[in-house]
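A closer look at the structure
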Amino acid sequence: MPRFVVQKSSWAFLGAFIVVFLRGVVCGTIFSMGSGNIEAFFGNFELCIILIVIMIGFVGMGIVLFVKEKKIKTLKNKLIVEKINDAYDSEGKKIRIKESSYNKKRLSPKKEILRELLKRSGNRCQFYPCPNVIIDYQEYLQGHVVSIMSNEKNQPNYNPKLSNEGRIKIDNLILLCHDHFFEVKLHEKYGINILLSKKIEAEESPNRDQNFESSDEILEELIQGYIERYL
Ligand SMILES: [Zn+2]
């Protein structure tokens, strides 16, 4: 049974919905019964008003939390993009890469990086909450590793600041099932922010067991797929 990461704002909106429901039941009953007893009607009328106020409170709280959560997500993604974009010289000093001075080399992801990525994914597609496995029970590869941002102009999610090394950093790599691979890379349906958020959600999800151990053969097959397509 998949467990989803529920945002606080969703709880607030659920609260509002419950209050709306209660108000409907309580006030509906009062209004239909109230005509015979004016005092009872006005006594309970206050209750209706209180429920409406609580409902507005919940909705307001939901909106505030939602905006805050969205801001945090965007900031988190920005920091990750910066981290991926960072490049260093031979002495370990941070350097800035200019697109014009920049020689594109096609590098393939390192085996150990992919081992770690598969571990973090819990052997599931990282387009959260997609439950598809990357390696099936017969040890067949059912997915792909791709770069979220690319440094080639004709490819989806092009980032001119991205270096050859940045392209194969773990933060820029995502494991996708066949369906999501087609949607993301061939139909170019999703942008950088959506992909980064999906990957973070997948890696932070409590229901994905992060002890998955992958064989060397599978890792080589994943790398081979990446080299062939270079997406
Ligand atoms: Zn998927």
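Summary of the structure given here. (Residues numbered from 1 in each chain as written. Predicted model: local features only at pLDDT ≥ 70, side-chain atom pairs only at ≥ 80, totals over all residues. Heavy atoms only, no water.)

**With respect to the coordination of the zinc ion**
We apply this condition: Keep in mind that water is not among the atoms, so a site may look incomplete; donors are the N, O and S atoms within 2.8 Å of the metal, or 3.2 Å for Na, K and Ca. Tetrahedral means four donors with every angle between 85 and 135 degrees, whereas square planar (four donors) and octahedral (six donors) require angles over 155 degrees between opposite donors and between 65 and 115 for all others; sites fitting neither are termed irregular. We count a stretch as a helix when DSSP gives it H or I for four or more residues in a row; a strand needs E for two or more, and each element gets its number in order from the N terminus. Here's how the labels work: a residue is buried when its accessible area is under 20% of the maximum for its type, exposed when over 50%, partly exposed in between, all with a 1.4 Å probe on protein chains only.
Only Cys125 (SG), Cys130 (SG), Cys177 (SG) and His180 (ND1) from the protein coordinate the zinc ion, and they sit 2.1 to 2.4 Å from it. Classification of the site at the zinc ion as tetrahedral follows from its four donor atoms and the range of 107 to 114° in their angles at the metal. One chain supplies every donor to the zinc ion, and in sequence these donors are spaced C-x4-C-x46-C-x2-H. With a gap of 52 residues between them, cysteine 125 in the loop between α3 (111–121) and β3 (143–147) and cysteine 177 in strand β4 (residues 173–177) connect regions that are remote in the sequence. Side by side, cysteine 125 and cysteine 177 carry an identical accessibility label, which is buried.

**What to know about the environment of isoleucine 170**
For clarity, the cut-off: By definition, residues are in contact when any of their heavy atoms lie within 4.5 Å.
Tracing the backbone shows isoleucine 170 in the loop between α4 (164–167) and β4. In this structure isoleucine 170 comes out as buried when scored by relative accessible area, which is 14%. The sequence separation of isoleucine 170 and isoleucine 84 amounts to 86 residues, and the corresponding C-alpha distance is 8.7 Å. Isoleucine 170 has contacts with Ile113, Glu116, Leu117, Arg120 and Lys199, leaving out every residue within four places of it along the chain.

**A short note on the nonpolar core**
Rules: The nonpolar core is taken to be a set of buried Ala, Val, Leu, Ile, Met, Phe, Trp, Tyr and Cys residues, with the residues joined through side-chain atoms within 4.5 Å. In this entry, domain limits derive from an automatic or database-based domain assignment.
Among the nonpolar cores identified, the biggest contains 20 residues, and Cys125, Phe127, Ile148, Met149, Leu176, Val184 and Leu195 are the most heavily contacted of them. Within the residue set of this core, elements represented by two or more residues are α2 (38–85), β4, α5 (178–186) and α6 (192–204). For this core, the domains that each give at least three residues are domain 1 (8–85) and domain 2 (107–230). With sequence-adjacent residues up to four places away left out, phenylalanine 127 is seen in contact with Leu175, Leu176, His180, Val184, Tyr190, Ile194, Leu195 and Lys198. Counting 18 residues, the second largest nonpolar core, distinct from the first, contains Leu175, Leu222, Tyr226 and Tyr230.

**Here's the deal with the packing of α3 against helix α7 (residues 216–229)**
So the rule is basically this: Axis definition: a line fit to C-alpha positions, over the contact stretch in the case of helices; interaxial angles, taken between N-to-C directions, run 0 to 180 degrees. Small angles under 35 degrees read as roughly parallel and large ones over 145 as roughly antiparallel, with 65 to 115 read as roughly perpendicular and the rest as oblique.
Where α3 meets α7, the closest approach of the two axes is 10 Å, and the angle between their N-to-C directions is 105°. Looking at the two axes, α3 sits roughly perpendicular to α7. Between α3 and α7, the contacting residues are Lys111, Leu114, Arg115 and Leu118 on the first element and Asp216, Leu219, Glu220, Leu222 and Ile223 on the second.

**Concerning the pattern of salt bridges**
Note the threshold: Only one rule defines a salt bridge in this text: a Lys or Arg side-chain nitrogen within 4 Å of an Asp or Glu carboxyl oxygen.
Overall, the coordinates contain 14 salt bridges when judged by the stated rule. The residue glutamate 204 makes a salt bridge to lysine 76 at a minimum N-O spacing of 3.2 Å. With glutamate 204 in helix α6 and lysine 76 in helix α2, the pair connects residues that are 128 residues apart, well separated along the chain. A relative accessible area of 35% places lysine 76 in the partly exposed class. Here glutamate 183 ties to lysine 189 by a salt bridge, and the two come within 3.6 Å at their closest N and O atoms. Here glutamate 183 falls in the partly exposed class, since its relative accessible area comes to 22%. One salt-bridge network, held together by shared partners, links Lys111, Glu112, Arg115, Asp216 and Glu220.

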